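Listed below, chain by chain, are the residues.
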Amino acid sequence: MENNQKAPSSLLEMGNSYAGQLKTTRFEEVLHNSIEASLRSNSLVPRPVFSQLYLEAEQQLSALEGGSRVDNEEEEEEGEGGSEQNCPPTLYQMHPPPEGCCITDGFCQAGRDLRLVSISNEPIDVPAGFLLVGAKSPSLPDHLLVCAVDKRFLPDDNGHNALLGFSGNCVGCGKKGFCYFTEFSNHINLKVTTQPKKQKHLKYYLIRNAQGALTKGPLICWKGSDFRSRQTSAGACSSSLFPLLESSGPPAPFPSEPVPGTNPSAPLGAAQAGPASDHPSLTAAMGLAVFNGKDSPKHQPLVKNNLSAGPRPSALGILSNSGPPKKRHKGWSPESPSAADGGYPQGGGNRAKYENAGVTCMPQVGLVGPASVTFPVVASGEPVSVPDNLLKICKAKPVIFKGHGNFPYLCGNLNDVVVSPLLYTCYQNSQSISRAYEQHGASTIQPISEEMQLLLTVYYLVQLAADQVPLMEDLEQIFLRSWRESHLTEIRQYQQAPPQPFPPAPSAVAPVTSAQLPWLAGLAASSCNDSVHIIECTYSLAEGLSEMFRLLVEGKLAKTNYVVIICACRNATIDSCIAVTGKYQARILSESLLTPAEYQKEVNYELVTGKVDSLGAFFSTLCPEGDIDILLDKFHQENQGHISSSLTAASVTKSASLDVAGTPVCTSYHLEPHHIRPFQLAVAQKLLSHVCSIADSSTQNLDLGSFEKVDFLICIPPSEVTYQQTLLHVWHSGVLLELGLEEEHMTKQRAEQYVLKLDAEAQTKFKAFLQNSFQNPHTLFVLIHDHAHWDLVSSTVHNLYSQSDPSVGLVDRLLNCREVKEAPNIVTLHVTSFPYALQTQHTLISPYNEIHWPASYSNGVELYHENKRYFGLSEFIESTLSGHSLPLLRYDSSFEAMVTALGKRFPRLHSAVIRTFVLVQHYAAAMMAVRGLSQMKNYTSVETLEITQNLINSPKQCPCGHGLMVLLRVPCSPLAAVAYERLAHVRARLALEEHFEIILGNPSSGITVGKHFLKQLKMWQKIEDAEWRPQTYLELEGLPCILIFSGMDPHGESLPRSLRYCDLRLINSSCLVRTALEQELGLAAYFVSNEAPLEKGARNEALESDAEKLSGTDEDEELVTEGSALEKRSPVKRERSCSHDSVSSSISSKASSSALCGDSSAPPAGPSQGEQARSPPPGGPTEEGRAPGERQRLRAGWEPPAVISRHSPGLAPPPDPSLRTCRRSIRRSAPSSSSQLSSSGSSSSSMVPAAGPLVLQASQCSMTKACRQPPIVFLPKLVYDMVTATDSSGLPKAASLLPSHSVVWASSFRPLLSKTMTSTEQSLYYRQWTVPRPSHMDYGNRAEGRVDGFHPRRLLLSGPPQIGKTGAYLQFLSILSRMLIRLTEVDVYDEEEININLTEESEWHYLQLGDPWPDLELFKKLPFDYIIHDPKYEDASLICSHHQSIKSEDRGMYRKPEDLYVRRQTARMRLSKYAAYNTYHHCEQCHQYMGFHPRYQLYESTLHAFAFSYSMLGEEIQLHFIIPKSKEHHFVFSQPGGQLESMRLPLVTDKSHEYIKSPTFTPTTGRHEHGLFNLYHAMDGASHLHVLVVKEYEMAIYKKYWPNHIMLVLPSIFNSAGVGAAHFLIKELSYHNLELERNRQEELGVKPQDIWPFIVISDDSCVMWNVVDIDCGGERSREFSWSERNVSLKHIMQHIEASPNITHYALIGMRKWSSKTGSREVQEPFSRCHVHDFIVLNVDLTQNVQYNQNRFTCDDVDFNLRVHSAGLLLCRFNRFSVMKKQIAVGGHRSFHITSKVSDNPMAIMPAQYICAPDSKHTFLAAPAQLLLEKFLQHHSHRFFPLSLKNHGHPVLSVDCYLNLGSQISVCYVSSRPHSLNVSCSDLKFSGLLLYLCDSFVGASFLKKFHFLKGATLCVICQDRNSLRQTVVRLELEDEWQFRLRDEFQTANAKEDRPLFFLTGRHI
């Protein structure tokens, strides 16, 4: 046994009142010394335990470590579970192995393999009477070792009759006759850590399967081994026990042992024996642990997270900071090292309370599966008989928690006890804690010992208050802290230093031995007034249990809550169990072991069998007359007929505004219109951005570009009200119209197909949805799963139990089906307020796809201004803190006291039944009291009376009769029906049917409202429809009613603003999990108007009770006395304290049930009661407000007072002022308060009678207050304590509960949640620390946290209840739809053609309007239109032809160049299916085209050089082609993979419709992402050859984005060139290729003229193409109608290519689209004019006309003019048009002109683009040609002053067109012989522009033209030398005068080859 463990520091506090003061008195010192002496007598000489417990904190001692065995079985089980890595344990060996023998795991010492996997097929000799069994070795968790064992030493099927001892053989080496298992285990190298026992290591029988192979068979059913069976769940949200052992089925339970709730549908083959208990309460296996009662949650030091874990979960949760423990907690002994913060005084009876216990409601570390599973509690020794009548005697069923070791059989009256394995599990988990550290090599760290665990448990129980319940989670945290304290030094050492080979041994501290344990436990329990009783046994637990039953029967344990039974004698291991015998604790614990389903079953059973009749009978006697019903009947007969008039009379006198018809109108009532709040919009946008990020990710899980519209389906739980509510939301939101799913004026019924109620009929509707999504691949379907935390049951559970309930596992079957998961067009959005169960280790939702509702404030700044403030759980909790005006969360101590007393009286009834009956009785009595039966006031609580008074009287405060709603939550439907019937009966007898409605809210049915109230609702809501019925609770706005809200869970039903009281006193407080609790409290969530600050108003309203409270504080001590003291007080005092406290908890808990009848605690009837009955309070805030700082009284069990003396508005003041003044004298301390009150305007009128009328006007309608104040919530005391307690970080204790029924904690070794965690961090915490149970739908998703385990199209939206999530996701659908439409829309240029009015009226028109193609002969006769009509050239110089007479004002105003882009008009167009796309589009069809198809490797491509010589350049041009493998068929190579020879061209005669003949070239720069190069859809899938022409430096980026496109890479000298160079090279290359192809195909017999000579040169922004359809139906040929439609580029190209005589046309183009196109433009089908943007070029005809390779702008106009002057035909198809997309990047905008010298990016003006030669001007980094073109565009008037706005005298431009700006006209002439030119004989030119003129321009040519006097000349040449030569050659000096200073150059450095100008004047 190891002695080097440490001693306890974090051991518990004693819990007695002097816990913190042990060192102060002599007595305690003596006590210490005596204990020390007694302990020293032990041979081990341990260190004194108590001095360790209470010594100074510096000593850093820590938890007593178990010196006993390491539980090896636990090790194995954990190893098998595979949850944590197993480090080799320290070895146990009795003898060292013999020299030289084999010690390998899995082999025997003779070296033979024993592993089942190795020898399963080998023949094994098994002697007669022997069986083959599998042994488990801790060092080989995954293997079984095969052994042969004599079957006499093995047990039978029931675990009995195994002989003691062992006899076995080794099947490896054949050695026989091992008589000791120890010897045998050495031989087979088991290497165990404790003494080997056959029961522990021989696990399975081995059997031969059909193939003869040896396989693992059934478990060996050892008596006394803790087998936990793997079973699946029968209940819908049930929870089975975790399979810690791999068992094929449950072992047979022993006949003599109770089988708690045997599972009727256990897996086949599970041998089930033993009597199934008929009593559901025995289902011990349910893992619900319990929560603490009264004050416990408020102060819980033991469990405080001093685990040096930071608030955020780290990878291991706890290994984060190794700082010293925090300061002490006063509840602990002051010296305790792990004392925690917080200062609670050690008051008289005040026990130290626990803070921040993490409460687990389920067994930890993997207890999963159904609760109703049989749990064989392992038994040994002789059976213990449970006495008969135990329940009758004890008044509660004792709950026995199995602890360590063996547990005896129980027999006899098994129905009266409950046995639970929870504590055992807790102990086991805490022993496995150190595994997490073992992974870090800390093998020396031992788990906490069993003795220590038990001792800590005793201390924990000792300090629990009388109304607290033990929590397994508290205990776990205590163990954890104790263990951590004991190993702090080692842990730190492993955190800081690298692990050493031999870690230093921990300092030797003697552990608690099992012999000392009973001493220490007895000592600990000695101070607790016998609430914990220790029984020590000498032989086995059986004697202790028998002793306990004897004491119980004899009544000697009446004051004992817990009995701890310890048997610590046998061979140093301990057996223990703990019995909970306290009536309160035992009842709560036994009920907490029921699943929700079992709880309902139990309640049903009690109702059906009539067990509750005794309770009903008891209640009916609770009145002075002896029978309530007789009293009711008497009242009914007396008051028939004249009752209603008096009650309603009061409302007539009110001042109310009247409407025109004279009916009263209430100004406070208005139904809110549906509108989107800023928060909802923000959340919708967050959702949208998440969807976009899924689409943007490279995984291609969502292709947003392929969707045209949005459709959706909202799945909701099967609640009729929620269904109708969602329908209304969808209908009012207008989302269906916005998504284009429905037409205008749709009815609500049309919305029904978009909302799916998950009930029996859901499947067919869902199938239709799937079908729809399959048929519409271009619609994005959003599947919204609202209330997503509901029904997470796996469909596998459904498959097992489908007969019972078809709706089990429905969500899983529908939303997780394969079709939904795989459909690329379905996005699933889970929406919930409680996402925790969807945030486990196995979740399908990626953490990146979670959207959390944003906080309203960030660093104190309001993020979104809203006129309403959300009031949710945290705000409710805040209202309970001192300093706040009115606590909105309350509990009712008198109600709780009555429930407790009745619980003792009716021990067999479930407390839910008792609570319901008590509450219904309270309501009934309160109604009777309000109606004048004042004697009934003593039979209700103040709270219920307040609620009822306000309910009945609120309609009288309002001219229209608006009232308030009381929500009465009764989760169990049968009980709700009982409550409804009873309350309705009482209401009827009291003639209150027309005062308030009682509504039974059942999820499965709609709302039923009586005729009278229906009429009122219609009137208030101005509804004409006779058939109208309210279908949602929201439509009950203003209706005075009690809504009995049933159903185990709320399903998201919203409640109206008139809800004033949320009565949750009946919620099932034993099933505490975070989801369930928050879900119930979420019912009260509310929006409060921001205009009226709640705090301020509330403070004034609460003053009356404040004043009263001032006097109450001095009596708090007094009130705890027995009833006799009450009588001794003054009558006034007595009346007051009682009436406000009804039955104070301290009294009623001691009171017998007779006391409930009011003997000692009923207030005497007196004038004040009559007054209370007669004068119900106005609906003012006071009765609902509570005083600030009333918390102390609540703590002490006090109820906040209801103010009694108030008047009804219409009545005279009550006649008994004496009492009032007397009472007021006690209460009033400050007279000034009255003035404050009257000024508040809404206080109660009893304060200051003078203020009466004023108050009446102010507090007219209960609806006024509804906007300003959230409802008041009443909770069970247990829940109240749980919710209001907070941990050190301020986190409510409820938040650290297990998050949901369907998950379990992954480990008890986890940090606690912290208040500072954001929703995202909480999500990550749950994802790390929770795992789903097998019944959870995510259980099978084992991809723990790996990205591929997440579903890519699944999102989770979480936000607080009732905050507006539905509105947010409907808004999201709208903006998603808008975005998809926006994605399918594009901005295209939409500009009218310019200069239309300047077109010369020619006598020639193309008159054949219907011709599909131009007639060549007719077309030749058409004149050429020189004028540019393309709107992008609005700022370009006009070109004159002989017919024009242009007035100067016709031209537009000059515009700044930078405005040109900004101001161009665009139109938003929907992309058609024939659009060209950029890189962002990737649909299924064009994946392959783009080369991004996931099934293909990224497309390989090869680089090919292609050279040709060009005479004009005088050098060879080297081009490079990048050709993807998939496109090589378009080219000819010398051999496969060899030299590129040419690009294939088709024949003119080819008529195929499968491909486009003309290769398309697209020059592009700077638009690798945005260029529209995806022509797949534009070409309608037809085969085509598309070549991108790119600059060398951009080659790599274009190749990356367009891997499957052919690239033509320009030589590097063109890197800074403009578009002219690209056009030039395209045309030259194409001509060269045409020649090559002619030569190649000539050899194949093809004529040269038959080779296709056309290419297409297209801009990279052409997006769509249109065609105009003409109908020439008119009588005269000129009449026609036309329409325009979108067509594919394939259609247009094939039409053009099919033109007759096409080879006679040099250039073919089309119009640019404009919405303003008139019939005039399309009337003539063909024009002979300029073509731009998208041209079909005949490279053969234009062989001798080149593009100017230097040009940057207007190169197409320049080329068009030269083609025309060469006598070639340009044809524009007017009925085709191209749309050009506005692309804001790249293109001509990619040229920036900057200074060459400085890095200063200052803008340089065009005037600085030229300078005088040899000047000091700043040189610019830009091509000379660009500077020239830009300068002339903006400043040509400096050269041609005469030409400005002088259109009659244009500038003569020879052989080129340069843009001289819009205010100067030019006349283009060609110097080539035989060229077509404008007739210039009658024109006088104002200038002459000679640009790089060649030898064709001669002196004689120029002499033909006439110039104005003073006209100017500009000659442009490459250098100064050629400038002079040109002047001489052209004899310019004859007519032109030059000056030296008229020479200029572009502002380029010499190396950039500037251009030179010379200007002169005409003489």
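Residues numbered from 1 in each chain as written. Predicted model: local features only at pLDDT ≥ 70, side-chain atom pairs only at ≥ 80, totals over all residues. Heavy atoms only, no water.

### Here's the deal with the overall build of the chain
What the chain contains, in helices and strands, is 58 helices and 56 strands. Looking at the 1963 residues of the chain, the share that counts as buried comes to 62%. Carbon and sulfur atoms make up 54% of the accessible area of the chain, which amounts to about 74,300 Å² in all. (Helix = DSSP H or I, 4+ residues; strand = E, 2+ residues; numbered from the N terminus. Buried < 20%, exposed > 50% of the residue type's maximum accessible area, 1.4 Å probe, protein only. Areas by Shrake-Rupley, 256 points an atom, 1.4 Å probe, with all protein chains shown as cover.)

### With respect to the state of the cysteines
Using the criterion set out here, one finds zero disulfides in the structure. No disulfide involves C960; its sulfur sits 4.9 Å from the nearest other cysteine sulfur, which is in C958. Summary of cysteine pairing: C1856 is not part of a disulfide, and the nearest cysteine sulfur, belonging to C1893, is at 9.4 Å. (Disulfide = S-S within 2.5 Å.)

### Some thoughts on the pairing of strand β30 (residues 1354–1358)
In terms of burial, β30 is a largely internal element, five of the five residues being buried. Of the pairings in the sheet, the one linking strand β16 (residues 826–832) to β30 comprises five bridges and is parallel in character. Bridge pairing in β30 places H830 opposite L1356. For strand β17 (residues 850–852) and β30, the ladder comprises three bridges, and the chain directions are parallel. Paired with E850 across the bridge in β30 is L1356. (Pairing = 2+ DSSP bridges.)

### Quick look at the packing of aromatic side chains
All told, the structure shown has 39 aromatic pairs when counted by the stated rule. Taking the centre distance of 5.7 Å and the plane angle of 40° together, the rings of F766 and F769 count as tilted. Taken together, the positions of F766 and F769, both in helix α23 (residues 762–775) and three residues apart, correspond to about one turn of that helix. Of the residues examined, F769 reaches a relative accessible area of 7% and is grouped as buried. Summarising the aromatic geometry, the rings of F871 and F876 are spaced 5.2 Å apart at their centres and angled 90° between planes, so their arrangement reads as edge-to-face. Take F871 and F876: they sit in the same class, and that class is buried. Ring pairing ties together the aromatic residues F1885, F1901, F1905, F1907 and W1936, which thus form one cluster. The aromatic ring of F1274 is capped on one face by R1065, whose charged end is 5.3 Å from the ring centroid. (Phe/Tyr/Trp six-rings, centres within 6.5 Å; stacked < 30°, edge-to-face > 60°. Lys NZ or Arg CZ within 6 Å of the ring centre and 35° of its normal.)

### A look at the pairing of strand β31 (residues 1385–1389)
Taking burial as the measure, the five residues of β31 include four buried ones, the bulk of the element. Bridge count between β31 and strand β33 (residues 1466–1470): five bridges; the pairing is antiparallel. From the neighbouring strand, E1385 faces β33, where its bridge partner is R1470.

### A word on the sheet that holds β16
Note on sheets: strands pair through backbone hydrogen bonds, and any given pair is parallel or antiparallel. Pairing in this open sheet of six strands is parallel, and the strands run β14-β13-β15-β16-β30-β17 from one edge to the other. For this open sheet the edge positions go to β14 (755–757) and β17, each flanked by a neighbour on one side alone. Each adjacent strand pair in this sheet contributes to an overall mean axis angle of 20°, direction not counted. Alignment of strand β15 (residues 779–786) against β16, held across six bridges, turns out to be parallel. Counterpart to D786 in the pairing with β16 is V831. (Axes fitted to C-alpha atoms, helices over the stretch in contact; angles between N-to-C directions.)

### A look at the confidence of the model for the chain
When the pLDDT values of the chain are averaged, the result is 76; 71% of them are 70 or greater. Low pLDDT (under 50) marks residues 1–27, which in the prediction has 117 contacts with non-local residues, meaning those over four places away or in another chain. Low confidence marks residues 1446–1461, where pLDDT is under 50. Its contacts with residues over four positions away, or in another chain, come to 28 contacts. (pLDDT = per-residue confidence, 0-100. Contact = heavy atoms within 4.5 Å.)

### Some points on the pattern of salt bridges
Considering all chains together, one arrives at 55 salt bridges under this definition. Between K556 and E554 there is a salt bridge, with its nearest N and O atoms 3.1 Å apart. By relative accessible area, which is 52% here, K556 ends up exposed. Exposure remark for E554: the relative accessible area of 41% places this residue in the partly exposed category. Note that R1074 is salt-bridged to E1078, the shortest N-O span being 2.7 Å. (Salt bridge = Lys/Arg side-chain N within 4 Å of Asp/Glu carboxyl O.)

### Some details on the sheet that holds strand β10 (residues 532–537)
Taking strand neighbours across the sheet as the criterion, the five strands line up as β9-β7-β12-β11-β10 in an open arrangement whose pairing is mixed. With one partner strand each, in any of the chains shown, β9 (418–420) and β10 form the two edges of the open sheet. Neighbouring strand axes in the sheet, compared pairwise and without regard to direction, differ in orientation by 20° on average. In this sheet, β9 lies alongside strand β7 (residues 399–402) in parallel orientation, the contact comprising three bridges. Bridge assignment links I400 to a residue of β9, and that residue is V419.

### Here we look at the environment of M548
Within the element layout of this structure, M548 appears in helix α14 (residues 541–554). Exposure remark for M548: the relative accessible area of 0% places this residue in the buried category. As for M548 and I535, which are separated by 13 residues in sequence, their C-alpha atoms are 7.8 Å apart.

### As for helix α13 (residues 517–525)
The set of residues buried in α13 consists of L517, P518, L520, A521, A524 and A525. Buried residues of α13, viewed axially, fall in a sector of 165°; they line one side. (Arc of directions from axis to C-beta.)

### Remarks on helix α31 (residues 973–989)
Between the first and last C-alpha of α31 there are 24 Å, a value that for 17 residues agrees with the 24 Å anticipated at 1.5 Å per step. Along α31, the residues that are buried comprise L975, A976, A979, L983, A984, V986 and R987. Buried positions in α31, seen along its axis, are confined to an arc of 165° and lie on one side of it. Within two residues after α31, A991 carries a phi angle of roughly 55°, on the positive side. (Expected span 1.5 Å × (residues − 1).)

### Description of the environment of C817
If you trace the backbone, C817 turns up in the loop between α25 (810–815) and α26 (818–822). Overall, the relative accessible area of 13% leaves C817 in the buried class. Separated by 22 residues in the primary sequence, C817 and S795 have C-alpha atoms spaced 9.7 Å apart. Beyond its immediate chain neighbours, meaning those up to four positions away, C817 contacts F766, L770 and D812.

### Concerning the environment of T1926
Along the chain, T1926 falls in helix α58 (residues 1920–1929). Residues T1926 and D1894, spaced 32 residues apart in sequence, show a C-alpha to C-alpha distance of 9.3 Å. When neighbours within four sequence positions are excluded, T1926 is seen to be in contact with C1893, V1915, C1917 and L1932. A polar contact is formed between the side chain of T1926 and the backbone oxygen of S1922, at a distance of 2.7 Å. (Polar contact = N/O pair within 3.5 Å; in protein donor to acceptor, adjacent residues only side chain to side chain.)

### Comments concerning the side chain of S719
Residue placement: S719 occurs in the loop between β13 (709–716) and α21 (720–733). At 2.8 Å, the side chain of S719 forms a polar contact with the side chain of E1053.

### Remarks on the packing of helix α10 (residues 450–462) against helix α11 (residues 472–486)
Where α10 contacts α11, the two axes come as close as 10 Å, and the packing angle between them is 130°. Between α10 and α11, the crossing angle belongs to the class labelled oblique. The two elements α10 and α11 cross, and the hand of that crossing is right-handed. Every residue of α11 that contacts α10 at Q453, L456, T457 and Y460 is listed here: D474, L475, I478, F479 and S482. Considering only residue class, the contact of α10 with α11 consists of five nonpolar, three polar and one charged. (Parallel < 35°, antiparallel > 145°, perpendicular 65-115°, else oblique. Left-handed = near helix turned anticlockwise from the far one by under 90°. Nonpolar A, V, L, I, M, F, W, Y, C, P; charged D, E, K, R; others polar.)

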